[in-house]
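Working through the structure, step by step
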Amino acid sequence: MSADSRTALRICPLCEATCGLTLTIEGTSVTGARGDRDDVFSQGFICPKGAAFGGLDADPDRLRTPLVRRDGVLREASWEEAFDTIAARVPALIEEYGPRSTGVVLGNPNVHTMAGALYPPLLLRTLRTPNVFSASTLDQMPKHVASGLLFGDAHAIAVPDLDRTGHLLLIGANPLESNGSLCTAPDFPGRLKALRRRGGTLTVIDPRRTRTARLADRHLAIRPGADALLLAAVAHVLVEEKLADPGALTDHLEGLGELTEALKEFTPEAVTTACDVDAATIRTLARELAAAPTAAVYGRIGSCTVEHGTLASWLIDVLNILTGNLDRPGGALFPLSATARAPRPAAPGKGFALGRWASRVSGHPEAKGEFPLAALSEEIETPGDGRIRALLVLAANPVLSAPDGDRLDRALAEGLDFMVSVDPYLNETSRHADVVLPPPPPSQSAHFDFAFNSFAVRNQVRYTRPAVPLEPDRMDESEILARLVLAVGGMHGAPAHTVDDLAIGAALAAAGAPEELAGELSGTTGPERRLDLMLRLGPYDLTLDRLLDHPHGIDLGPLEPRVPQLLKTRSGRIELFPAPVAADLPRLLRAMHREPAGLVLVGRRHLRSNNSWMHNVAALRGGSNVCTLQVHPEDAARIGLLDGATARIRAAGGEVEAPVEITDAVRAGVVSLPHGWGHSRPGTRMSVASAVPGVNVNQLLDGTLLDPLSGTAVLNAVPVSVTPAS
Ligand SMILES: Nc1nc2c(c(=O)[nH]1)N[C@H]1C(S)=C(S)[C@@H](COP(=O)(O)OP(=O)(O)OC[C@H]3O[C@@H](n4cnc5c(=O)[nH]c(N)nc54)[C@H](O)[C@@H]3O)O[C@H]1N2
Ligand SMILES: Nc1nc2c(c(=O)[nH]1)N[C@H]1C(S)=C(S)[C@@H](COP(=O)(O)OP(=O)(O)OC[C@H]3O[C@@H](n4cnc5c(=O)[nH]c(N)nc54)[C@H](O)[C@@H]3O)O[C@H]1N2
Ligand code: SF4
Ligand SMILES: [Mo]
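Conventions adopted
Residues numbered from 1 in each chain as written. Chains lettered and ligands numbered in written order. Predicted model: local features only at pLDDT ≥ 70, side-chain atom pairs only at ≥ 80, totals over all residues. Heavy atoms only, no water. Helix = DSSP H or I, 4+ residues; strand = E, 2+ residues; numbered from the N terminus. Rg over C-alpha atoms; globule rule 2.2 N^0.38 Å. Buried < 20%, exposed > 50% of the residue type's maximum accessible area, 1.4 Å probe, protein only. Near = heavy atom within 4 Å. Polar contact = N/O pair within 3.5 Å; in protein donor to acceptor, adjacent residues only side chain to side chain. Areas by Shrake-Rupley, 256 points an atom, 1.4 Å probe, with all protein chains shown as cover. Nonpolar A, V, L, I, M, F, W, Y, C, P; charged D, E, K, R; others polar. Domains from an automatic or database assignment. Pairing = 2+ DSSP bridges. UniProt positions renumbered as here; feature names shortened; annotations may be inferred. Arc of directions from axis to C-beta. Expected span 1.5 Å × (residues − 1). Contact = heavy atoms within 4.5 Å. Buried area = accessible area lost by both parts, 1.4 Å probe. Salt bridge = Lys/Arg side-chain N within 4 Å of Asp/Glu carboxyl O. Axes fitted to C-alpha atoms, helices over the stretch in contact; angles between N-to-C directions.

The name given to the chain in an unreviewed UniProt entry is Dehydrogenase, and the organism recorded there is Streptomyces fulvorobeus.

The structure is reproduced here in structure tokens:
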């Protein structure tokens, strides 16, 4: 450290683990990052991505000013010019073609920023368009739908009580690379090792022998896409062998009889071929789960982005419920975040409905107010009333992250009248925008985890202010989004705090709190005032000032049971066998008898990468962080593929070529290609990424394969054919 260096705390926004970092700062540059040992939650943990915070923050390819398209070319522009352009175009299009002519795409980083949590709801309310798409339909929407149906609240997601459970059944998740998802747990790997040390059991179900699987007591290399069948059979055994005992939940359940009846045909023997897991092992899984003093079943990407994603997500909680582990310490519990609404007394709620409206072209039912992101292209391309003409893309790169990027690429280029991207990079998607609004690098932003605190394995709360001041000519992302709301809503020119004032007024009214509270809020920015209000209205006795007095965070204790208070179903009970699930079950039954596909594709993640946008950080590149096709030795021999040679992979959406990596870490009959690669399109400004572009796995998909209840794209267990490239 030099004489003018200092340190500052910053919660890491780079994955769901939300580690506290101590940044070293020289002048206004971040020159180092280490784990904050005093952080109440992460206690010093850091991974290579967090350690690379400085390089990622200072990436010279980050945009410094807005870009505005003039004469077909994106040119640097002032913020005034950028917002003037938006205000001149979007309201006029709405005026001429109606609200349906607008569409919004919300990408993953929105859950990692304060701005992304606070402003998109206001943007959607302003636009009043049904054309809402997000990364959720490439990800966790099945879980939301399952939770909505079971508990009446799509946001009531039970997380495994990692630090207290005696038995963890982990399905289609690889937290040793991902650091956990829908289960916020800094040092997930350490917590799994601690489970083993205290005598607990870890079972991993994954077609690949991942780093997580190598840590397990038992690894089942299931045939991809078959988890719902396996889980149904485990539930069947629990019932058949009279091992089911929902315990304290018994009085809060309905539908147990119908569920039992519906599971009759899903015997271990019946599903064994489809799963490629023998029937005795399935029975053992069920017996171990029932016998464990406490247990939690937890699933992630491999259980969601598949043909039966909603059924698998539902069955995961069915198993937690049948074994009495839902809502009990050591099982799967519902976190209570500091900014959640203060609990109300238990009572029947409004319930959760699917398909309240449908998409224009294919009639996809909405789920949680969204249409499948896989259906974005057709909504832009297909002529007629309600065609999307103006698209607002907030922190999303669907050209790489969604199915059939080539088609979307064309639709964005040719089918839109106007497009805005809020993005730090000029990349595969934002290159099509008419206006690009770049947020500042993370060191210059405040951070609070509105989303992830409600998935955290321990209730806790932390807030960090910007580690370095906003550079001149930069605009905070909260202000960018507030001004975007004003510009599209016909209030261009009003001060950004107008949006926060409206939000505060609405929140006070909804909570029945006195209006005067607005004047008592502390905080130096709109987002801080809104945070202060949420903390004051929340379940703990907290304020922003109190939080600022605790720079390493405040521990709010272990997770506690919340049923029945949290239930919002119409019955006021857990609805174990909801009608949409019942209607989808015959499809699963048919899958049981289907001939398995010859070769199927699954994805994978790398610890030193993140979806589509981190390949531009030189320090994180190389080593095993490469875009290779992993192939089992038996398949390689059969197809005639040599290690390091190029393979051609074909599927319904197209074909790509990738170098072959022969490894028995994938099971036979399965090949694996990571996502987020394919940085070869012209007109981007990602010099490091485009030097070694890789290929876009999602080009293999045509976007028609969806989990029907949630509209989530099938990204795993996709039939492919592989040949040597000539
Ligand atoms: N085949 C396959 N496809 C997948 C997946 C898979 O497992 N397999 N995973 C899916 C999943 S789980 C997800 S979540 C999606 C992600 O899909 P997306 O959300 O579309 O993609 P990301 O790469 O996460 O990043 C989105 C954009 O956010 C920008 N960005 C980064 N930081 C910020 C910021 O602070 N503010 C703003 N405004 N923008 C920022 C990046 O530059 C990038 O352009 O991909 C999905 N696609
Ligand atoms: N380093 C890093 N961390 C990340 C991300 C990243 O890109 N890189 N992305 C973040 C995001 S957006 C998310 S959503 C999370 C995801 O978090 P995880 O779900 O933990 O991440 P994945 O590594 O995609 O793990 C999915 C696993 O499912 C397996 N799988 C594939 N198909 C099947 C199947 O049919 N059945 C079963 N049982 N398993 C299957 C895959 O082999 C893979 O190991 O990670 C987050 N964290
Ligand atoms: S585990 Fe996630 S939150 Fe923690 S340092 Fe790494 S990227 Fe950041
Ligand atoms: Mo994700």
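Describing the overall build of the chain
Scanning the chain from terminus to terminus reveals 26 helices and 29 strands. Over its C-alpha atoms the chain spans a radius of gyration of 25 Å, differing by no more than 12% from the 27 Å that the globule rule assigns to 726 residues. Taken along the three principal axes of its C-alpha coordinates, the chain extends 65 × 65 × 60 Å. Within the chain, the proportion of its 726 residues that are buried is 61%.

Notes on the site of ligand 2
With respect to spatial proximity, 32 residues lie near ligand 2, and among them Ser178, Asp206, Gly225, Asp227 and Ser609 are the closest. Between Asn174 and ligand 2, the recorded distance is 2.9 Å, taken from a backbone N or O atom to an oxygen atom. Between ligand 2 and Arg605, the relevant distance is 2.8 Å, taken from an oxygen atom to a side-chain nitrogen or oxygen of the residue. Compared with its free state, where it exposes 920 Å², ligand 2 has 98% of that area covered by protein. Within the residue set of the shell around ligand 2, elements represented by two or more residues are helix H7 (175-178) and helix H14 (301-304). The class makeup of the residues in the shell around ligand 2 is ten nonpolar, 14 polar and eight charged. Formed jointly, the shell around ligand 2 draws a minimum of three residues from each of two domains, domain 3 (161-327 + 571-590) and domain 4 (597-724).

Regarding the site of ligand 3
Taken together, Cys12, Leu14, Cys15, Ala17, Thr18, Cys19, Phe45, Ile46, Cys47, Lys49, Gly50 and Asn179 make up the full set of residues adjacent to ligand 3. In terms of residue class, the shell around ligand 3 is made up of eight nonpolar, three polar and one charged.

So, the pairing of strand S5 (residues 73-76)
Inspection of the sheet shows strand S4 (residues 67-70) paired to S5 by four bridges, in the antiparallel sense. Following the sheet pairing, Arg69 is matched in S5 by Leu74.

Examining the UniProt feature "domain: 4Fe-4S Mo/W bis-MGD-type" (unreviewed entry) in the chain
Residues annotated in UniProt with the feature "domain: 4Fe-4S Mo/W bis-MGD-type" (unreviewed entry) correspond here to residues 5-61. Overall, residues 5-61 shows 16% helix and 37% strand. The separation of its end C-alpha atoms is 25 Å.

Some remarks on helix H12 (residues 268-275)
Among the residues of H12, those classed as buried are Pro268, Val271, Ala274 and Cys275. Down the axis of H12, the smallest arc covering the buried residues is 120°, so these residues share one side. Two residues or fewer past H12, Asp276 is found with a positive phi of approximately 55°.

Thoughts on helix H19 (residues 477-488)
Each α-helix turn comprises 3.6 residues. Residues three or four places apart therefore point the same way. The first and last C-alpha atoms of H19 sit 16 Å apart over twelve residues, in line with the 16 Å expected at 1.5 Å per residue. Burial analysis of H19 places eleven of its twelve residues in the buried class, which makes it a mostly covered element. Along H19, the residues that are buried comprise Glu477, Ser478, Ile480, Leu481, Ala482, Arg483, Leu484, Val485, Leu486, Ala487 and Val488. N-cap assignment for H19: the residue whose side-chain oxygen lies 3.0 Å from the backbone N of Ser478 is Asp476. Phi turns positive, to about 75°, at Gly490, one or two residues after H19.

Section: the domain arrangement of the chain
How big an interface is tends to be expressed through the accessible area that disappears when the partners come together. Taken domain by domain, the chain comprises domain 1 (1-58), domain 2 (64-135 + 336-562), domain 3 (161-327 + 571-590) and domain 4 (597-724). For domain 2 versus domain 3, the separation of C-alpha centres amounts to 33 Å. Between domain 2 and domain 3, the residue contacts involve eleven residues of the former and 13 residues of the latter. Both faces combined, the contact of domain 2 with domain 3 buries some 880 Å², and carbon together with sulfur accounts for 60% of it. Linking domain 2 with domain 3 are zero salt bridges. Linking domain 2 with domain 3 are four residue pairs in polar contact (both at pLDDT 80 or more). A class-by-class count of the residues in the side of domain 2 that touches domain 3 yields nine nonpolar, no polar and two charged.

Quick look at unusual backbone geometry
In this chain, Val563 is followed by Pro564 through a cis amide linkage whose omega measures 10°. Turning to its location among the elements, Pro564 is positioned in the loop between strand S19 (554-558) and strand S20 (574-575). Although it is not a glycine, Asn179 adopts a positive phi angle of roughly 60°. By secondary structure assignment, the location of Asn179 is in the loop between H7 and helix H8 (188-197).

Observations concerning the sheet that holds S5
With mixed pairing, seven strands are arranged side by side in an open sheet as S5-S4-S17-S16-S15-S6-S7. Either end of the sheet is taken by a strand with one partner, and the two such strands are S5 and strand S7 (132-134). On average, each strand axis in the sheet is tilted by 15° relative to the strand beside it, whichever way the strands run. Bridge analysis of strand S6 (residues 102-106) against strand S15 (residues 390-394) gives five bridges, and the strand direction is parallel.

Some remarks on the pairing of strand S3 (residues 29-35)
Bridge count between strand S2 (residues 20-26) and S3: six bridges; the pairing is antiparallel. Note on S3: the bridge partner recorded for Thr22 is Arg34. What sits between S2 and S3 in their antiparallel hairpin is a turn of two residues, with Gly27 showing a positive phi close to 60°.

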